[in-house]
Amino acid sequence: MIIDVLTLFPDMIHPVIHQSIIGRAILEEKVEIRVIDYREYSENKHKKVDDSPYGGGAGMVLTVQPVVSALEQIPGYQEATKILMTPQGVPYAQKTAHKLALKKHLIILCGHYEGYDERIRDYFDLEISIGDYVLTGGELSALVVVDSVIRLIPNVLNNAGSAVEDSFSDGLLEYPHYTRPPEFRNQKVPEVLRSGNHEKIKQWRYEQSLKRTIERRPDLYKVYLKKK
Ligand code: JEW
């Protein structure tokens, strides 16, 4: 997979993608990530990429020319899946991550002003928001998409697919995990987990998953009941 990240702040992207599982996926050539500073494509004499909004009002708007020029110089950009990061986009969830993980080429645009010139939207296939909170720009959102998609590429997790799904596989939250020591200060590991009774352990974990989902995520529990 090739992922092109269009950003005005390449230094927000670089260190993150070279760590951990993403860093290894790049070294193992499971994914190629190219970070493109679209300011370089501005035809303005001062390399300006923003301007004040027509009709007035506070704040600046990202101009269309640098974005479209940066897009058009990417080989195969017409066939790529082009994603615009914006708080107005569809709320990001695991289902979208799975769809994106099937693609050969993603292009992700990060904005960094009060808004995009509306004409930019015509060049993109999909608008994504990572949740209902305010950020300073699209870079962190793009990194969330990149991380969640790369871990779904076959053989990126050494763990042959068992960790790929985690909590969202059956729609329940994960059960509590424990490891050594069996007792830390006054906290004990539940007896059942050390019993060796695998049927009992399975039952306990399922009950814990249910309890946790009902308490913490009634919204997920409702969906789980419907699917069951
Ligand atoms: C996201 C791209 C570009 C936020 C979430 N937040 C916000 C916001 C911004 C500008 C105007 C109005 C609201 C900041 N911003 C972005 C925020 C993506 C940009 C500028 C974003 N997902 N993605 N929750």
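Residues numbered from 1 in each chain as written. Predicted model: local features only at pLDDT ≥ 70, side-chain atom pairs only at ≥ 80, totals over all residues. Heavy atoms only, no water.

Regarding a positive patch on the surface
Then comes step 1: On the surface, K95, K99, K103 and K227 cluster together into a patch of positive charge.
Then comes step 2: Relative to the helices and strands, K227 is located in helix α8 (residues 218-227).
Then comes step 3: Residue classification places K227 among the exposed residues on the basis of a relative accessible area of 72%. (Patch = residues over 30% accessible without salt bridge, like charges linked within 9 Å, V, L, I, M, F, W, Y side chains within 5 Å. Areas by Shrake-Rupley, 256 points an atom, 1.4 Å probe, with all protein chains shown as cover. Salt bridge = Lys/Arg side-chain N within 4 Å of Asp/Glu carboxyl O. Lys, Arg positive; Asp, Glu negative; His and termini not counted. Charge placed at Lys NZ, Arg CZ, Asp CG, Glu CD. Helix = DSSP H or I, 4+ residues; strand = E, 2+ residues; numbered from the N terminus. Buried < 20%, exposed > 50% of the residue type's maximum accessible area, 1.4 Å probe, protein only.)

Looking at the packing of aromatic side chains
Then comes step 1: All told, the structure shown has one aromatic pair when counted by the stated rule.
Then comes step 2: Ring geometry for Y221 and Y224: centres 6.3 Å apart, planes at 25°, overall stacked. Separated by three residues within a single helix, Y221 and Y224 lie in helix α8, roughly one turn from each other. (Phe/Tyr/Trp six-rings, centres within 6.5 Å; stacked < 30°, edge-to-face > 60°.)

Topic: the environment of E40
Then comes step 1: Take E40: it is sitting in the loop between β2 (32-37) and β3 (50-51).
Then comes step 2: Classification of E40 by relative accessible area gives exposed; the value is 56%.
Then comes step 3: Sequence separation of E40 and P218 is 178 residues, and the distance between their C-alpha atoms is 47 Å.

Description of the sheet that holds β2
Then comes step 1: Strand order in the open sheet formed by five strands is β2-β1-β6-β5-β8, and the pairing between neighbours is parallel. Two strands in the sheet have a free side with no partner beyond their single neighbour: β2 and β8 (126-129). Looking at each pair of strands side by side, their axes are set apart by 30° on average, direction ignored.
Then comes step 2: The pairing of strand β5 (residues 81-91) with strand β6 (residues 105-109) spans four bridges and is classified as parallel. Directly across from T81, in β6, lies its bridge partner L106.
Then comes step 3: On the sheet, helix α1 (residues 10-17) packs against β1 (2-7) and β2 and is oriented at approximately 165° with respect to β2.
Then comes step 4: Sitting on the sheet, helix α3 (residues 64-72) touches β1, β5 and β6, and the angle it makes with β1 is about 160°. (Pairing = 2+ DSSP bridges. Axes fitted to C-alpha atoms, helices over the stretch in contact; angles between N-to-C directions. Contact = heavy atoms within 4.5 Å.)

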